[in-house]
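# Structural overview for review
Single-letter residue listing:
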Amino acid sequence: MPMSTLEMKQALRAERDASFFRLRGGFPVALAGGVWWAVMGFAGYRLPHMQWILLTFYCSALIFPLAILFGHLFRINFMADRTAVSEVIFPAMGSMLLFWPMAITAFWVYPQLVPLILGVGMSIMWPVVGWSYGRTALFSSHAVVRAVVCFALWNWWPSTRFTVLPLAVSAIYLLTVVVLIVASSTSRQRAR
């Protein structure tokens, strides 16, 4: 007998919850982003803007291997986790890549714009990842806070576009890591 719509919704919710707790909210991926943005922030104090931009372009590909390393260190094998909802992650990551033409164009036309585009553009997948874990509001909050903070820093403190802006993104990531660890803890799972 086929499942009713209500039964399908309940099964989907249960799968998303199980994935969230099993993978600890994917905090190793967020931790990798936080570390990468911190490195970029400190590099902003040392490198001329054009070199900083090239470094970010080339080294952004290191976030994913760093996430895999952190996943291995914390014994969270998100790469091997296969569920119906996990199938949405790679298309979400693919959609995030759509901001790169803007970043590259800004590099050629107005390099000062690149940190803002990267800060906001690299957060585009967060609401979708949040949906896959059944925590859309939590993950969307990360993206919205990033967008607001990047916008504010870029516009009202322009001298920090290559330093404080990436460090602020790093801080947002690290705060998100703490929230994910707490929200996906064993005690929280038992309380559900």
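The notes below deal with the structure included here.

What follows concerns unusual backbone geometry. Here Arg24, not a glycine, exhibits a phi torsion of approximately 55 degrees, which is positive. In this fold, Arg24 is placed in the loop between helix H1 (5–22) and helix H2 (27–46). Judged by relative accessible area, which is 25%, Arg24 ranks as partly exposed. One non-glycine residue, Arg75, lies in the positive phi region at around 60 degrees. Position of Arg75 relative to the elements: it lies in the loop between helix H4 (63–73) and helix H5 (89–96).

Moving on, we come to the pattern of salt bridges. The tally for this structure, following the rule as stated, stands at 2 salt bridges. A salt bridge links Asp17 to Arg13; the nearest nitrogen and oxygen atoms lie 3.8 Å apart. Separated by 4 residues within a single helix, Asp17 and Arg13 lie in helix H1, roughly one turn from each other. For Asp17, a relative accessible area of 13% puts it in the buried group. The partner of Arg135 in a salt bridge is Asp17, with the nearest N and O atoms 2.7 Å apart. Of this pair, Arg135 sits in the loop between helix H8 (126–132) and helix H9 (136–156) while Asp17 sits in helix H1, and the two are 118 residues apart along the sequence. Bridged by salt links that share partners, the residues Arg13, Asp17 and Arg135 form one connected network.

Ranked by size, the top nonpolar core spans 50 residues in total, and within it Phe99, Leu118 and Met122 carry the most contacts. If one sorts the elements of this core by residue count, H2 sits on top with 8 residues. Aside from chain neighbours lying at most four places away, what touches Met122 is Trp36, Trp37, Ser60, Ile63, Met96, Phe99, Ile117, Arg146 and Tyr173.

The subject of this paragraph is helix H7 (residues 114–121). Among the 8 residues that make up H7, 7 are buried, leaving the element largely enclosed by the rest of the structure. Among the residues making up H7, those that are buried are Val114, Pro115, Leu116, Ile117, Leu118, Gly119 and Gly121. Contact partners of the buried residues in H7: H2, helix H3 (49–59), H5, helix H6 (100–109), H9 and helix H10 (164–183).

Another aspect to go through is the packing of H9 against H10. Contact geometry of H9 with H10 gives a least axis separation of 10 Å together with a crossing angle of 160 degrees. Classified by the angle their axes make, H9 and H10 are roughly antiparallel. Considering only the axes of H9 and H10, their crossing is right-handed. Each of Leu138, Phe139, His142, Val145, Arg146, Val149, Cys150, Leu153 and Trp154 in H9 lies in contact with H10, whose residues at this interface are Val164, Leu165, Ala168, Val169, Ile172, Tyr173, Thr176, Val179 and Leu180. The class makeup of the residues in the contact of H9 with H10 is 15 nonpolar, 2 polar and 1 charged.

With that settled, the discussion passes to the side chain of His142. Along the chain, the position of His142 falls in helix H9. On the accessibility criterion, His142 (3% relative accessible area) is buried. Leaving out residues up to four positions away in the same chain, His142 has contacts with Trp126, Ile172, Tyr173 and Thr176.

So, on to the packing of aromatic side chains. Applying the stated criterion across every chain, the model contains 13 aromatic pairs. Three or more aromatic residues joined by ring pairs make a cluster, and in this case those are Phe20, Phe21, Trp126, Tyr133, Phe139 and Tyr173. Here Arg135 stacks its cationic end above the ring of Phe20, 4.1 Å away from the centre of that ring. Note that Arg161 overlies the ring of Trp154, its terminal NZ or CZ placed 3.7 Å from the centroid.

Calculation criteria
Residues numbered from 1 in each chain as written. Predicted model: local features only at pLDDT ≥ 70, side-chain atom pairs only at ≥ 80, totals over all residues. Heavy atoms only, no water. Helix = DSSP H or I, 4+ residues; strand = E, 2+ residues; numbered from the N terminus. Buried < 20%, exposed > 50% of the residue type's maximum accessible area, 1.4 Å probe, protein only. Salt bridge = Lys/Arg side-chain N within 4 Å of Asp/Glu carboxyl O. Core = buried A, V, L, I, M, F, W, Y, C linked by side-chain atoms within 4.5 Å. Contact = heavy atoms within 4.5 Å. Axes fitted to C-alpha atoms, helices over the stretch in contact; angles between N-to-C directions. Parallel < 35°, antiparallel > 145°, perpendicular 65-115°, else oblique. Left-handed = near helix turned anticlockwise from the far one by under 90°. Nonpolar A, V, L, I, M, F, W, Y, C, P; charged D, E, K, R; others polar. Phe/Tyr/Trp six-rings, centres within 6.5 Å; stacked < 30°, edge-to-face > 60°. Lys NZ or Arg CZ within 6 Å of the ring centre and 35° of its normal.

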